[in-house]
Amino acid sequence: MVDDDLKKTFVIKGIGVSPGIVIGKAYLFDRFDAQTPFYKLTDPDLINKEIQRFRKALRESEKQLLDLKNRLSDLGGGMDPLYIIDVHIMILKDRKFVDQTIQNIREMSVNAEWAVRMTVDKYRDIFDRMEDDYLRGRISDIQYAGQRIMANLTGKKRAVLDVGERVVIIATDLSPADTAQMKIDSVLGFATDIGGKTSHTAIVARSLEIPAVVGLVSITRDVRTNDDIIIDGSAGVVIIHPDPEVRKRYEDKKRLYEAAQDDLLDYAHLPAVTKDHHSVEIGGNIEFVEEIPSAIAHGADGIGLYRTEFIYINREELPSEEDHLASYRSVIGVKGLSWATIRTFDLGGDKFYPDKKTSRELNPQLGLRAIRFCLKEVELFKIQLRAILRASVQGKLRIMFPMISGIEEIRAAKRIFFEVKDELLAKGEPVGKDIEIGVMIEVPSAVIVAEELAKEVDFFSIGTNDLIQYVLAIDRINERVTYLYEPLHPAVLRLIKQVVDVGHKAGIRVAMCGEMAGEPAYTMILLGLELDELSMNPLAIPRVKKIIRGSTLKESKALLNKVITLSSTAEIQACVDAAMRKHFPEEFPVNGQ
Ligand code: PEP
Ligand code: MG
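Residues numbered from 1 in each chain as written. Chains lettered and ligands numbered in written order. Predicted model: local features only at pLDDT ≥ 70, side-chain atom pairs only at ≥ 80, totals over all residues. Heavy atoms only, no water.

Participant: How should the sheet that holds strand β2 (residues 15–18) be read in this particular structure?
Facilitator: Hydrogen bonding along the main chain pairs the strands of a sheet, whether they run parallel or antiparallel. Taken together, 8 strands build an open sheet; the order of strands is β1-β8-β7-β3-β4-β5-β6-β2 and the sheet is mixed. Both outer strands of the open sheet, β1 (10–13) and β2, are each paired with one neighbouring strand and no more. On average, adjacent strands in this sheet sit at an angle of 30° to one another, irrespective of strand direction. When strand β5 (residues 187–192) meets strand β6 (residues 212–214), the two strands line up parallel, connected through 2 bridges. By the bridge assignment for β6, Ala191 is matched with Val213. On top of the sheet, helix α10 (residues 244–259) reaches β3 (21–28), β7 (228–232) and β8 (237–240); it is set at about 120° to β3, its chief contact. (Pairing = 2+ DSSP bridges. Helix = DSSP H or I, 4+ residues; strand = E, 2+ residues; numbered from the N terminus. Axes fitted to C-alpha atoms, helices over the stretch in contact; angles between N-to-C directions. Contact = heavy atoms within 4.5 Å.)

Participant: Explain the site of ligand 1 here, please?
Facilitator: Taken together, 15 residues lie near ligand 1, and Arg307, Arg343, Gly463, Asn465 and Arg476 sit nearest. Within the side chain of Arg307, a nitrogen or oxygen atom sits 2.7 Å from an oxygen atom of ligand 1. Between an oxygen atom of ligand 1 and a side-chain N or O atom of Asp466, the distance comes to 2.9 Å. For ligand 1, the protein covers 100% of the area, taking 290 Å² as the surface of the free molecule. Elements represented by at least two residues in the shell around ligand 1 include exactly β10 (302–307) and α18 (464–472). Top contributing element to the shell around ligand 1 by residue count: α18, with 3 residues. Split by residue class, the shell around ligand 1 holds 3 nonpolar, 4 polar and 8 charged. (Near = heavy atom within 4 Å. Polar contact = N/O pair within 3.5 Å; in protein donor to acceptor, adjacent residues only side chain to side chain. Areas by Shrake-Rupley, 256 points an atom, 1.4 Å probe, with all protein chains shown as cover. Nonpolar A, V, L, I, M, F, W, Y, C, P; charged D, E, K, R; others polar.)

Participant: How should I be thinking about the pairing of β7 in this particular structure?
Facilitator: Here is the key point about a regular strand: its side chains alternate between the two faces of the sheet. Among the 5 residues that make up β7, 4 are buried, leaving the element largely enclosed by the rest of the structure. In this sheet, β7 lies alongside β3 in antiparallel orientation, the contact comprising 5 bridges. Its bridge partner lying in β7, Lys25 is registered against Asp228. For β7 and β8, the ladder comprises 4 bridges, and the chain directions are antiparallel. Bridge assignment links Ile231 to a residue of β8, and that residue is Val238. (Buried < 20%, exposed > 50% of the residue type's maximum accessible area, 1.4 Å probe, protein only.)

Participant: Whenever I open this one, the nonpolar core confuses me. Can you help?
Facilitator: Where a protein is soluble and globular, its nonpolar side chains tend to be buried together. Membership of the largest hydrophobic core comes to 102 residues, with the highest contact counts inside it found for Phe401, Phe460, Ile462, Leu534 and Val563. Leave out the neighbours within four places in its chain, and Leu534 touches Val280, Glu281, Ile282, Gly283, Met512, Ala517, Leu526, Val544 and Ile548. Among the nonpolar cores identified, the runner-up in size contains 31 residues, and Leu72, Ile85, Tyr123 and Ala145 belong to it. (Core = buried A, V, L, I, M, F, W, Y, C linked by side-chain atoms within 4.5 Å.)

Participant: Teacher, can you tell me more about the coordination of the magnesium ion (ligand 2) here?
Facilitator: Around a metal, the perfect tetrahedron of four donors has angles of 109.5 degrees, and the perfect octahedron of six donors has angles of 90 or 180 degrees. Listed as protein donors to the magnesium ion (ligand 2) are Glu442 (OE) and Asp466 (OD); their distances from the metal cover 2.0 to 2.1 Å. Of this pair, Glu442 sits in the loop between β13 (436–441) and α16 (444–448) while Asp466 sits in helix α18, and the two are 24 residues apart along the sequence. Relative accessible area serves as the criterion here: at 1%, Glu442 is assigned to the buried category. Since its relative accessible area comes to 2%, Asp466 is described here as buried. (Donors = N, O, S within 2.8 Å, 3.2 Å for Na, K, Ca; no water.)

Participant: Help me understand the side chain of Glu409 in this model?
Facilitator: Of note, Glu409 is situated in helix α15 (residues 407–426). In this structure, Glu409 is buried with no salt-bridge partner, the nearest side chain bearing the opposite charge being Arg372 at 4.4 Å. (Lys, Arg positive; Asp, Glu negative; His and termini not counted. Salt bridge = Lys/Arg side-chain N within 4 Å of Asp/Glu carboxyl O.)

Participant: Is there a simple way to explain α18 in this structure?
Facilitator: Each α-helix winds once per 3.6 residues, and so residues spaced three or four apart point in a common direction. Where burial is concerned, most of α18 is hidden: 8 out of the 9 residues are buried. If you check which residues of α18 are buried, you get Thr464, Asn465, Asp466, Leu467, Ile468, Gln469, Tyr470 and Leu472. Immediately downstream of α18, the backbone of Ala473 shows phi near 55°, a positive value.

Participant: I would appreciate a short explanation of the side chain of Lys414 in the present structure.
Facilitator: Here Lys414 shows up in helix α15. At 2.6 Å, the side chain of Lys414 and the backbone oxygen of Glu456 are in polar contact. With residues near it in sequence (within four places) discarded, Lys414 still touches Ile437 and Glu456.

Participant: So what exactly am I meant to see when it comes to the pattern of salt bridges here?
Facilitator: Opposite charge on two side chains allows them to pair when their charged atoms are near. What the rule picks out here adds up to 42 salt bridges. Glu287 is the partner of Arg249 in a salt bridge, and the nearest nitrogen-oxygen pair spans 3.9 Å. On the criterion of sequence distance, the pair formed by Arg249 in helix α10 and Glu287 in the loop between β9 (281–286) and α11 (292–297) is long-range, its members being 38 residues apart. Given a relative accessible area of 9%, Arg249 falls into the buried group. Ionic pairing is found between Glu436 and Arg398, a salt bridge with its closest N-O pair at 3.5 Å. Highlighted residues: Glu436 in strand β13 and Arg398 in strand β12 (residues 397–401), separated in sequence by 38 residues. Neither residue differs from the other here; Glu436 and Arg398 are each classed as buried.

Participant: Please clarify how the environment of Lys414 should be interpreted in this entry.
Facilitator: Judged by relative accessible area, which is 15%, Lys414 ranks as buried. In sequence terms Lys414 and Glu456 are 42 residues apart; their C-alpha atoms lie 8.7 Å from each other.

From the geometry alone we can't say anything about function, so treat these as descriptive.
Okay, here's the thing in structure tokens:
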């Protein structure tokens, strides 16, 4: 038996066709796909009997489809799936389809199943040659109708799905009739091998508002029933066996997605400027380049954090320079985004690294991860840096290094960075001209030596997720201590203030890219801290912009000045809550959560 802990996080990318995020267990939907039986009809009398058997199967199929249509319309969820069933019924009645099959039976003296199969294959040849994607995709209607007739011929009943718990359905493809056989309220999402934006799965998923990713090619081979799985229907990404950190991140995304309201999207493209004209840059945090459209749609000015370690997920082999390059070319200089902040990989410990020898540590959060790992595995680091630099000609790049704990690490990282840059220039490879270099401030020692670090870099980006974990000594993914994970802890606020003050005194930009930046309840405090950039999950941007636009810097600073003198989290929390309720009664109702 495979130990669940040992299953590796694995990502497959496809086409997101119905937005939303689900986290759950997989269920491999086993569409009957029986081997087509074949036999010759030796007696001429049998031929007419076989044709009658075929016609009977056509009638039964039509009746079943009409029943399904009724059941689907009872389920509600729009008319599209019903039209698709009508198309299947039309195929069953189509003269050419029926005549061709009868001709196959007669001329080749074969059984009806085989004759149907031949007809479907003939259509497939014709459809394969079509230029239009949509029309080419419609072969699935004919295949579906053929499979249904076949099932009636062989007497096989289609499996009815009732697994007793809510699951993510994994299938090669799904027809409306497949979905009609499922108890829809037990379905969390769909992920299929084939399909596009107009495939049945897509249409049905959208009309039932279930997240779905299609065109995943091998999902039915890669996933087994009961595997843990995450579906991001907005980005078109499926994650199998998510590790606790990835899972946690997606739980946050899911919460944000569910909290996002359409009317908030009105704020997405308005500038993040307070009523007294103080402006803040807004970044989007991404794990996959597929999330860029969402960052743009939700109003990011740029990418404030690209977690490049996700490039390493689910590979048996390490990514090549060209693999890296392809990702960075999709992020830097993208239309609609003014800059891209690429964080060099935060890998190691137990995070994604394929080499098992180095991947098990007792205390991975304190282990050989991020910049420590890069400075040990210099060749690996150089591959990434070369790719980042090669892509930097495309637009405005900010590069930052994670987990810097002291001056030696940033100096060493920069030394390697400039070495790689010089090598490229010597080879005549162009690189971007105004690349900014930054450090993530997420280890307490970095706060203490921030003055020295500031001399080495163009910007700071505060990673509150780790900073809080290390300052308060709380494992960020251990649910038993989450009650102690407090962004408003006085120690945390004071450290952040120290970083901003030191950064500004040294004349460099100070950003925040931890989850705290995207929490609207903290927005006034963060304004008061005078951070230059807030980078967050794209889904959080519209609401944060709404708060920024409804605040003044003056009031925010007054709030910060008040809370920074308080000695307990509870007092700070109460003070911040009261201020948010006063200024934004709609967003923070008295009895709200
Ligand atoms: C952080 O630590 O706040 C951060 C943004 O980085 P990550 O969550 O990837 O560790
Ligand atoms: Mg971090």
